[in-house]
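So you can see what is in the structure, the chains are spelled out below.
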Amino acid sequence: MGSPQITENPTIAVDEDEENGISAECKELIHGCRKEKGWRTSFLYEFQGFWCQPKEIDAILSFQKHYLARDSDVILATIPKSGTTWIKSLTFAIMNRNNVPVSDGNHPLLASNPHDLVPFFEYKLYANNQNPNLSILPKPRIFATHIPFGSLSESIKSSDCRIVYVCRNPLDTFISSWHYINQLRRESRPPIPLEEAFDMYCKGVIGYGPFWEHMLGYWKESQERPNKVLFMKYEDMKEDAMSHVKMLANFLGLPFSVEEEKQGLIEEIVKLCSFKKLKDLEVNQNGKSIKNFDNKHLFRKGEVGDWVNYLSPSMVHQLSKIMDEKLGDFGLKFKVCSTVS
Ligand code: A3P
């Protein structure tokens, strides 16, 4: 399929601070990009084949120029609202279990939001024209990103660092994105109606989308290089978190010992990182992390199939058809099911 037909929307005014502080290089670049009305910001720009906000593009340019991967690095990749917070907490707990026992009452996950423990390249490390010296960080380093596989830096692709991708059923990802973005919108902006957001999502116009391109980039790589990219599905993780934690630890080269398994460590990690446990923590009720947004919005329902409460049968049909057409031939399928009553 070619690019979606998108009409430009020249009547929308840009909120000034959306472009404030971005580099001259980025400003020039985005003026040559196709643009479309954004979900939360005035515009999304089509940059390197995906849709993005100006400040994100600026940070990605800096990341692409400066980031040097190490073979021991672990990179957690997702499209927004697919389980990023969850995979960050699980990976952090697994990889640090020898430094901080999971049962420790002072475990970092009890006092910090997972986004503060595992930083995003584009929202933290390389945001606001920063170029941090990451070589001083102890190995193994854990980072996260929403950047599509094709736009990761060459050093990631050519190194032996590991990538974990979490993918979620687009029906649920769409509903989760719609809720989240309406929570974060400025007061001066009206909420985005479900139908309008749905049309944009189906055209691929969503941060880091089209969603199908994002998923396929990592999916194909995981098939070609399974030791490099582990592809997990949110729904499967919900169904059997323990076996996924085990699989994740194996992939990361840190398998659980027989002794650890006997002690119930896998179950402890699953509990520590569970939706309910994280949601109820003070830091996640009242703290702020990514871009200074309230953490509480990161924990909404954490269920599979909440879309049944929002999407009409024709919407479900339309999006399922897109999933089938775009992903089916590559063997990427989702159970269209709901555990929500
Ligand atoms: P819902 O909006 O459907 O509830 P991300 O972390 O990528 O922003 O994804 C957010 C989604 O993951 C939200 O989904 C959120 O509730 C859910 N979530 C957050 N923490 C979770 C956890 N520990 N376990 C399972 N789901 C979680």
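Computed from a predicted structure; not experimentally measured. (Residues numbered from 1 in each chain as written. Predicted model: local features only at pLDDT ≥ 70, side-chain atom pairs only at ≥ 80, totals over all residues.)

A. Structural context of the overall build of the protein chain. Within the protein chain one finds 17 helices and 7 strands. Against the globule reference of 20 Å for 341 residues, the protein chain gives a C-alpha radius of gyration of 20 Å, in line with a compact fold. Once the C-alpha set of the protein chain is aligned to its principal axes, its extents read approximately 65 × 50 × 45 Å. For the protein chain, buried positions account for 40% of its 341 residues. A separation threshold of at least 6 residues defines the contact pool for the protein chain, and within that pool the share at least 24 residues apart is 78%. (Helix = DSSP H or I, 4+ residues; strand = E, 2+ residues; numbered from the N terminus. Rg over C-alpha atoms; globule rule 2.2 N^0.38 Å. Buried ≥ 20, exposed ≤ 12 C-beta atoms within 10 Å, placed from the backbone. Contact = placed C-beta atoms within 7 Å.)

B. View of the pairing of strand β6 (residues 162-167). In terms of residue burial, β6 counts as a mostly covered element, since 6 of its 6 residues are buried. Alternating positions in β6 separate into two faces, Arg162, Val164 and Val166 on one and Ile163, Tyr165 and Cys167 on the other, with burial throughout. Here 5 bridges tie strand β4 (residues 74-78) to β6, and the two strands are oriented parallel to one another. Looking at β6, one finds that leucine 76 is bridged to valine 164. Pairing analysis gives 5 bridges linking β6 to strand β7 (residues 229-233), with the strands arranged parallel. Bridge pairing in β7 links cysteine 167 to lysine 233. (Pairing = 2+ DSSP bridges.)

C. Up close: the site of the ligand. The environment of the ligand is made up of 21 residues, and the closest members are Thr84, Thr85, Ser176, Arg300 and Gly302. For the shell around the ligand, the elements supplying multiple residues, two or more each, are α3 (84-95), α8 (170-184) and α15 (275-280). Per-class residue counts for the shell around the ligand are 7 nonpolar, 9 polar and 5 charged. (Near = placed C-beta within 6 Å. Nonpolar A, V, L, I, M, F, W, Y, C, P; charged D, E, K, R; others polar.)

D. Broad picture of the nonpolar core. Leu76, Leu90, Val164 and Ile269 are the most contacted members of the largest nonpolar core, which totals 86 residues. Ranked by residues supplied to this core, first place goes to α3 with 6 residues. Here valine 164 is in contact with Val74, Leu76, Ile87, Thr91, Leu230, Met232 and Leu248, once residues within four sequence places are set aside. (Core = buried A, V, L, I, M, F, W, Y, C linked by C-beta atoms within 7 Å.)

E. Up close: helix α9 (residues 194-203). Buried within α9 are the following residues: Ala197, Phe198, Met200 and Tyr201. Each buried residue of α9 sits inside an arc of 165 degrees when the element is viewed along its axis, so together they form one side. Positive backbone phi, at 95 degrees, marks glycine 204, one or two positions downstream of α9. (Arc of directions from axis to C-beta.)

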